Amino acid sequence: MLANIIDLPAQTDHSQLYEQIAHDIETQGYSIRLGALPANIAEALLAHQLSLNSAKYREAGIGRGEDQINNRFVRTDEICWITGESDAGKLWLDWASELKSYLNRRLFLGLFSFESHFAHYPPGAFYKRHVDSFKGNTNRVLSLVTYLNSNWAIDDGGELVLYRDENDQVGTRVVPLMGTLALFLSEDFPHEVLPAARDRYSVAGWFRVNSSVTDRVDPPR
Ligand SMILES: O=C(O)CCC(=O)C(=O)O
Ligand SMILES: [Fe+2]
């Protein structure tokens, strides 16, 4: 399996996918694209994630910086931030950075930085309904999630449920299958992760605008 990664041709022109994503966001505020992440990036991310031992993960928290609290009623996944030190992390961050530039040119979103982490949801883990960004409170503008699970069956659960607005109780379900991309405006779409029967691997990330004010720097995370 590891040997195959080297054989996957690297796809270098991503503009068609970037345009599809831009169009989706422009017309509906979100984009769900099945199996769309270039396979060489998805395979590299999965291999890297599987190589992380449990010491590299930490229990996911809620909120930012010093205010971060661990609340096991809200989410029970574990995460590991992506720094770009690994080849897989670098491939991913470069792809996301190219997407950021494309969306800025095309939709004038003013995206400034990108932060992302691997997430592992062990069997039964969940993330209750939430929004990634509260109006006026944070500078996360666009959420991006990709999934790294092959052969996911319907009754494995673990879907992302994306709700149109705070009143929507039905939502749209996204199966966490290898290479599927889900992007949505962070303030506008409540969402949740349903418990899965199997280990569920993903990468979640956020594009942010720069909220630095004259005497305060505001680095990602
Ligand atoms: O893994 C997913 O489908 C979504 C994760 C999520 O909502 C988050 O990390 O904020
Ligand atoms: Fe979220």
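The structure displayed is predicted, hence computed values, not measured ones.

Caption draft 1: Structural context of the sheet that holds strand β7 (residues 160-162). The antiparallel open sheet is built from 4 strands, whose spatial order is β5-β10-β7-β8. Whereas interior strands pair on both sides, the edge strands pair on one side only; in this sheet they are β5 (127-130) and β8 (172-174). Shown here is a sheet whose adjacent strand axes are inclined to one another by a mean of 15 degrees, direction ignored. The pairing of β7 with β8 spans 3 bridges and is classified as antiparallel. If you follow Leu160 over to β8, its bridge partner there is Val174.

Caption draft 2: Focus on the site of ligand 1. If you check the shell around ligand 1, you find Ala119, Tyr127, Asp132, Val145, Leu160, His191, Val193, Ser202 and Ala204 and nothing else. Put simply, the parts of the chain that give the shell around ligand 1 at least two residues each are β10 (191-193) and β11 (200-208). Taken together, the residues of the shell around ligand 1 break down into 6 nonpolar, 2 polar and 1 charged.

Caption draft 3: Local environment of the packing of helix α2 (residues 15-28) against helix α4 (residues 87-107). Between α2 and α4, the shortest axis-to-axis distance is 10 Å and the interhelical angle comes to 50 degrees. By the angle between their axes, α2 is oblique relative to α4. As for the relative orientation of α2 and α4, their crossing is right-handed in sense. Residues Tyr18, Ile21, Ala22, Ile25 and Glu26 of α2 pack against Leu99, Tyr102, Leu103, Arg106 and Leu107 of α4. Taken together, the residues of the contact of α2 with α4 break down into 8 nonpolar, no polar and 2 charged.

Caption draft 4: The arrangement of the pairing of strand β6 (residues 140-147) in detail. With 7 of its 8 residues buried, β6 lies for the most part within the structure. With 7 bridges connecting them, β6 and β11 associate as antiparallel partners. Across the sheet, Leu142 pairs through a bridge with Phe207, a residue of β11. Note that β6 and strand β9 (residues 181-185) share 5 bridges and pair antiparallel. Note that in β9 the partner of Leu144 across the bridge is Leu183.

Caption draft 5: Molecular detail of the packing of helix α3 (residues 39-51) against α4. Two numbers describe how α3 lies on α4: the axes approach to 8 Å, and their chain directions differ by 140 degrees. Classified by the angle their axes make, α3 and α4 are oblique. For the crossing formed where α3 meets α4, the hand is left-handed. Contacts between α3 and α4 involve Ile41, Ala44, Leu45, Ala47 and His48 from the former and Asp87, Ala88, Gly89, Leu91, Trp92 and Trp95 from the latter.

Caption draft 6: Molecular detail of α4. The end-to-end C-alpha separation of α4 is 30 Å, in line with the 30 Å expected for 21 residues at 1.5 Å each. Within the span of α4, buried status applies to Ala88, Gly89, Leu91, Trp92, Ala96, Leu99, Lys100 and Leu103. Each element contacted by the buried residues of α4 is listed here: α2, α3, β4 (113-121), β6 and β11. Phe108 occupies a position one or two residues after α4 and carries a positive phi of about 50 degrees.

Caption draft 7: The nonpolar core, seen in detail. Counting residues in each nonpolar core, the largest one holds 45 residues, and the members touching the most others are Leu45, Trp92, Ala182 and Leu183. At the level of elements, α3, β3 (78-81), α4, β4, β6, β7, β9 and β11 are the ones that each hand at least two residues to this core. Element by element, the count of residues in this core is highest for α4, at 6 residues. If near-sequence neighbours (up to four positions away) are discounted, Ala182 is found in contact with Ile32, Val145, Leu160, Leu162 and Val174.

How each quantity is defined
- Residues numbered from 1 in each chain as written.
- Chains lettered and ligands numbered in written order.
- Predicted model: local features only at pLDDT ≥ 70, side-chain atom pairs only at ≥ 80, totals over all residues.
- Pairing = 2+ DSSP bridges.
- Helix = DSSP H or I, 4+ residues; strand = E, 2+ residues; numbered from the N terminus.
- Axes fitted to C-alpha atoms, helices over the stretch in contact; angles between N-to-C directions.
- Near = placed C-beta within 6 Å.
- Nonpolar A, V, L, I, M, F, W, Y, C, P; charged D, E, K, R; others polar.
- Parallel < 35°, antiparallel > 145°, perpendicular 65-115°, else oblique.
- Left-handed = near helix turned anticlockwise from the far one by under 90°.
- Contact = placed C-beta atoms within 7 Å.
- Buried ≥ 20, exposed ≤ 12 C-beta atoms within 10 Å, placed from the backbone.
- Expected span 1.5 Å × (residues − 1).
- Core = buried A, V, L, I, M, F, W, Y, C linked by C-beta atoms within 7 Å.

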